[in-house]
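Now for the letters of each chain:
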Amino acid sequence: MIQVNENFLKLQAGYLFPEIGRRVRAFAAANPNAKIIRLGIGDVTEPLPPAIIQAMHKAVDDMASGETFKGYGPEQGYDFLINAIIENDYKSRGVSLDTDEVFVSDGSKCDTGNFQEILGVANRIAVTDPVYPVYVDTNVMAGRTGEYDQAKSQYGKIVYMPCNADNNFVPALPSEPVDIIYLCYPNNPTGAVATKAELAKWVAWAKANKAIILFDAAYESFISDPAIPHSIYEIDGAKDVAVEFRSYSKTAGFTGLRCAFTVVPKTVKAYTSSGKEVAINPIWSRRHTTKFNGASYISQAAAAAVYSPQGKKEVRQIIDIYMNNAAVIRKSLSALGYSVYGGVNAPYIWLKTPGGLTSWQFFDKLLGEINVVGTPGSGFGPSGEGYFRLSAFGKPENVIEAMERFKKLKF
Ligand code: PLP
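A.B. asks: Describe in detail the domain arrangement of the protein, supporting the description with residues and values.
C.D. replies: The domain boundaries assigned to the protein delineate domain 1 (6-47 + 310-406) and domain 2 (57-305). On a C-alpha basis, the centres of domain 1 and domain 2 stand 26 Å from each other. Residue-level contacts link 31 residues of domain 1 with 35 residues of domain 2. Both faces considered, domain 1 and domain 2 share a buried interface measuring about 2,600 Å² in area, 60% of it formed by carbon and sulfur atoms. On the surface where domain 1 and domain 2 come into contact, there are 13 residue pairs in polar contact (both at pLDDT 80 or more). Secondary structure elements with two or more residues in the side of domain 1 that touches domain 2: helix 10 (309-335), strand 11 (340-342), strand 12 (348-352) and strand 15 (387-391).

Here you go:
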């Protein structure tokens, strides 16, 4: 008799975005003339920049030509892209990496979701609360849902680290033992950033406790404050304990095109049950090359164009559009008396719901009274209750109009 993997039955229903969609559709059907402004889902709204389109056209011609026809590429990524990543994203920040420490893929969702697979099922996982749900769900799928007991080799568990205004949305160090720590800065959903001093504490803790940090830097290109680190490897010693995920999705409008990469330094170690030290780079390489056949040549050629002088300029212009939106939202809502967080070094604004409303009550009020869609904070975890996320990805005229409409909300 065929058996199902029962871990999948332990997942919480994918509730947040389907429920938002359901409520918005119902409202639109009942109010066909309402002009709904969507600042909910964090998807890009600007088209790909011209330098990237041009690189893709050239890549298509390469694939059409008998001379330069590209079949299967290297699973880990083409050297032209890996070298551009090392040079532009890391060397420029004083971080040196070898080419076999960078793994190109088709998305950070897959990479952040898949990475846990090479780490033991008995590991204890620490995640922030609120959190990008992929980290939690993929660990539940892997069976890290029970109480941890090394002697009995029981399954690992997930430990939530509350993040709120009191701790600036950067969690306190764990008060119980954990082995894998997911950190995401700049943060989705809170828009918070972590300083070098804060990350240094985590790196030191991971070293002292033989833990690994999985650092999601999908939003690093939105950092404007020069003091905020873009990479965890800007912290001394991080190359011994941290894996870093980066994506072109939000940086350069690749949400539909797909390209990302993961850095796995050869110095990051995990341990066998008998305590023997093992480098995880070759294990991730083995997993990646076995289960993945490389991001498409066209996507990688497009990603390499992000680093050309023209590409850098055009990508910056688009990021500036989104960050101007963020500034408009912050300024307008602060002037209306809201407590507003994020939106300075990240494309998300996290606000305290007014008048003690729950996240969903505020969602319904915004949709019903001013036809603006955001994301209820409680959908990202219990500590998100009483908060609300607005995304800065949107057309500037829509953002300005949404802010005008906020003035009309009645309390
Ligand atoms: N990490 C975070 C925190 C995200 O918010 C997202 C996308 O929303 C991703 C990773 C996934 O990005 P990608 O499009 O590369 O899969």
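A.B. asks: Please set out the packing of aromatic side chains residue by residue, giving values where relevant.
C.D. replies: A ring pair, where both rings are aromatic, is described by two values, the distance of the centres and the angle of the planes. All chains considered together, the criterion is met by 26 aromatic pairs. Ring geometry for Tyr 90 and Phe 261: centres 6.4 Å apart, planes at 80°, overall edge-to-face. On the criterion of sequence distance, the pair formed by Tyr 90 in helix 3 (residues 79-90) and Phe 261 in strand 8 (residues 260-263) is long-range, its members being 171 residues apart. Taken together, a centroid distance of 6.0 Å and an interplanar angle of 80° make the contact between Phe 115 and Phe 245 edge-to-face. Within this pair, whereas Phe 115 is found in the loop between helix 4 (108-114) and strand 3 (125-129), its partner Phe 245 is found in strand 7 (residues 242-247), the two being separated by 130 residues in sequence. In this structure, Phe 115 and Phe 245 share a single accessibility class: buried. In this structure an aromatic cluster arises from ring pairing among Tyr 90, Tyr 233, Tyr 248, Phe 254, Phe 261 and Tyr 307. Positioned over the ring face of Tyr 271 is Lys 210, at 5.1 Å from the centre of the ring.

A.B. asks: Which residues make up the site of the ligand, and what values do they have?
C.D. replies: Inspection of the region around the ligand gives 14 residues, with Ser 108, Asp 216, Tyr 219, Ser 247 and Ser 249 positioned closest. A distance of 2.9 Å separates an oxygen atom of the ligand from a polar side-chain atom of Lys 250. When the ligand sits alone it has 400 Å² of accessible area, and the protein chains cover 90% of it. The site holding the ligand turns out to be the largest pocket.

A.B. asks: I'd like to hear about the pattern of salt bridges, residue by residue, with values.
C.D. replies: Applying the stated criterion to the full structure yields 23 salt bridges. Between Asp 240 and Lys 207 there is a salt bridge, and its shortest N-O distance comes to 3.0 Å. With Asp 240 in the loop between strand 6 (212-216) and strand 7 and Lys 207 in helix 6 (residues 196-208), the pair connects residues that are 33 residues apart, well separated along the chain. For Asp 240, a relative accessible area of 33% corresponds to the partly exposed category. For Lys 207, a relative accessible area of 39% gives the class partly exposed. Between Lys 269 and Glu 277 there is a salt bridge, with its nearest N and O atoms 4.0 Å apart. Classification of Glu 277 by relative accessible area gives partly exposed; the value is 48%. In this structure, a network of salt bridges that share partners links the residues Glu 19, Arg 22, Arg 23 and Asp 364.

A.B. asks: Describe the layout of surface pockets, listing the residues and the values that go with them.
C.D. replies: Gaps left between atoms are located by rolling a probe of water-molecule size over the structure's atoms. Its boundaries defined by the atoms lining it, the largest pocket holds a volume of some 1,300 Å³. Taken together, 42 residues line the largest pocket, and the ones lying closest to its centre are Phe 17, Tyr 132, Pro 133, Val 134 and Phe 380. Of all the secondary structure elements, the ones that give two or more residues to the lining of the largest pocket are helix 1 (16-30), helix 4, helix 5 (133-141) and helix 7 (248-252). The element contributing the most residues to the lining of the largest pocket is helix 5, with 7 residues. When the residues that make up the lining of the largest pocket are grouped by side-chain class, the tally is 21 nonpolar, 13 polar and 8 charged. Both domain 1 (6-47 + 310-406) and domain 2 (57-305) contribute no fewer than three residues apiece to the lining of the largest pocket.

A.B. asks: If you had to explain the side chain of Asp 216 to someone new, which residues and values would you point to?
C.D. replies: Mapped onto the fold, Asp 216 is located in strand 6. Here Asp 216 sits buried without a salt bridge, and the closest side chain of opposite charge, Arg 246, lies 8.3 Å off (N-O distance). The residues contacting Asp 216, other than those within four sequence positions of it, are Thr 112, Tyr 132, Tyr 135, Leu 183, Cys 184, Tyr 185 and Phe 245.

A.B. asks: Explain the nonpolar core to me, using residue names and the numbers behind them.
C.D. replies: Core analysis: the biggest nonpolar cluster contains 98 residues, and Ile 181, Ile 213, Ile 232, Tyr 248, Phe 254, Leu 390 and Phe 406 have the highest contact counts within it. The leading source of residues in this core is helix 10, at 8 residues. Of the domains in this structure, domain 1 (6-47 + 310-406) and domain 2 (57-305) are the two that each give at least three residues to this core. Sequence-distant contacts of Ile 181, defined by excluding residues within four places in its chain, comprise Ala 126, Met 161, Trp 202, Trp 205, Ala 211, Ile 212, Ile 213 and Leu 214. Grouped together as the second largest cluster of nonpolar side chains are 23 residues, Val 136, Val 140, Val 268 and Trp 284 included.

A.B. asks: Please give an account of the sheet that holds strand 8 that cites residues and values.
C.D. replies: One open sheet accounts for 7 strands, arranged 2-8-7-6-5-3-4; its pairing is mixed. Among the strands making up the open sheet, the edge pair consists of strand 2 (102-105) and strand 4 (158-162). Pairwise comparison of adjacent strand axes, ignoring direction, gives a mean angle of 20° for this sheet. Pairing geometry for strand 3 and strand 5 (residues 180-184), over 2 bridges, is parallel. The residue of strand 5 that forms the bridge with Ile 125 is Ile 180.

The rules behind each value
The residue numbering used here restarts from 1 in each chain and proceeds along that chain's sequence as written. Per-residue local features of the predicted model are confined to residues with pLDDT of at least 70, and side-chain atom pairs are confined, for both listing and counting, to 80 or more; whole-chain, interface and lining totals are unaffected and use all residues. The basis for every side-chain value is the complete set of non-hydrogen atoms in the structure, without hydrogens or water. Boundaries between domains were set according to an automatic or database domain assignment. Residue contacts are defined here by distance: any two heavy atoms, one from each residue, within 4.5 Å place the two residues in contact. Values labelled buried area give the accessible surface lost by two parts on being combined, using a 1.4 Å probe and summing over both. Pairs of N or O atoms are called polar contacts if they sit within 3.5 Å, as long as, within protein, a hydrogen donor faces a hydrogen acceptor (for residues adjacent in sequence, only side-chain-to-side-chain pairs). Note on conventions: DSSP H or I runs of at least 4 residues are helices, E runs of at least 2 residues are strands, and numbering of each starts at the N terminus. In this analysis, rings of Phe, Tyr and Trp, with Trp reduced to its six-membered ring, are considered paired at centre separations within 6.5 Å, and the interplanar angle assigns stacked below 30 degrees, edge-to-face beyond 60, and tilted for intermediate values. Any residue under 20% of the maximum accessible area for its type is buried, any over 50% is exposed, and the rest in between are partly exposed; the area is computed with a 1.4 Å probe on protein chains only. Distance and angle both matter: a charge sits over a ring if NZ of Lys or CZ of Arg is within 6 Å of the ring centre and within 35 degrees of the ring normal. By convention in this text, a residue qualifies as near a molecule or strand provided that one of its non-hydrogen atoms is within 4 Å of it. For the area figures, the Shrake-Rupley method with a 1.4 Å probe applies, and any residue is considered shielded solely by the protein chains shown. Both site types are read off a 1 Å grid over the protein atoms alone. A 1.4 Å probe that fits but cannot get out defines a cavity, while an open set with protein on both sides within 12 Å along at least five of seven lines defines a pocket; lining residues have an atom within 4 Å of a point. Any molecule with more than half of its atoms within 2 Å of a cavity's or pocket's grid points is regarded as sitting in that cavity or pocket. By definition here, a salt bridge exists when the distance from a side-chain nitrogen of Lys or Arg to a carboxyl oxygen of Asp or Glu is within 4 Å. Grid points are joined across faces, edges and corners, and a volume is the space filled by probe spheres set on the points. Residue polarity is assigned by list, with Asp, Glu, Lys and Arg as charged and Ala, Val, Leu, Ile, Met, Phe, Trp, Tyr, Cys and Pro as nonpolar; anything else, Gly included, falls into the polar class. Charged residues are defined here as Lys and Arg on the positive side and Asp and Glu on the negative side; His and the ends of the chain fall outside this count. We call a set of buried residues a nonpolar core when its members are Ala, Val, Leu, Ile, Met, Phe, Trp, Tyr or Cys and they connect through side-chain atoms within 4.5 Å of each other. Think of it this way: DSSP has to see at least two bridges between two strands before they count as a pair. Note on geometry: axes are C-alpha line fits, over the in-contact stretch for helices, and angles between N-to-C directions span 0 to 180 degrees.

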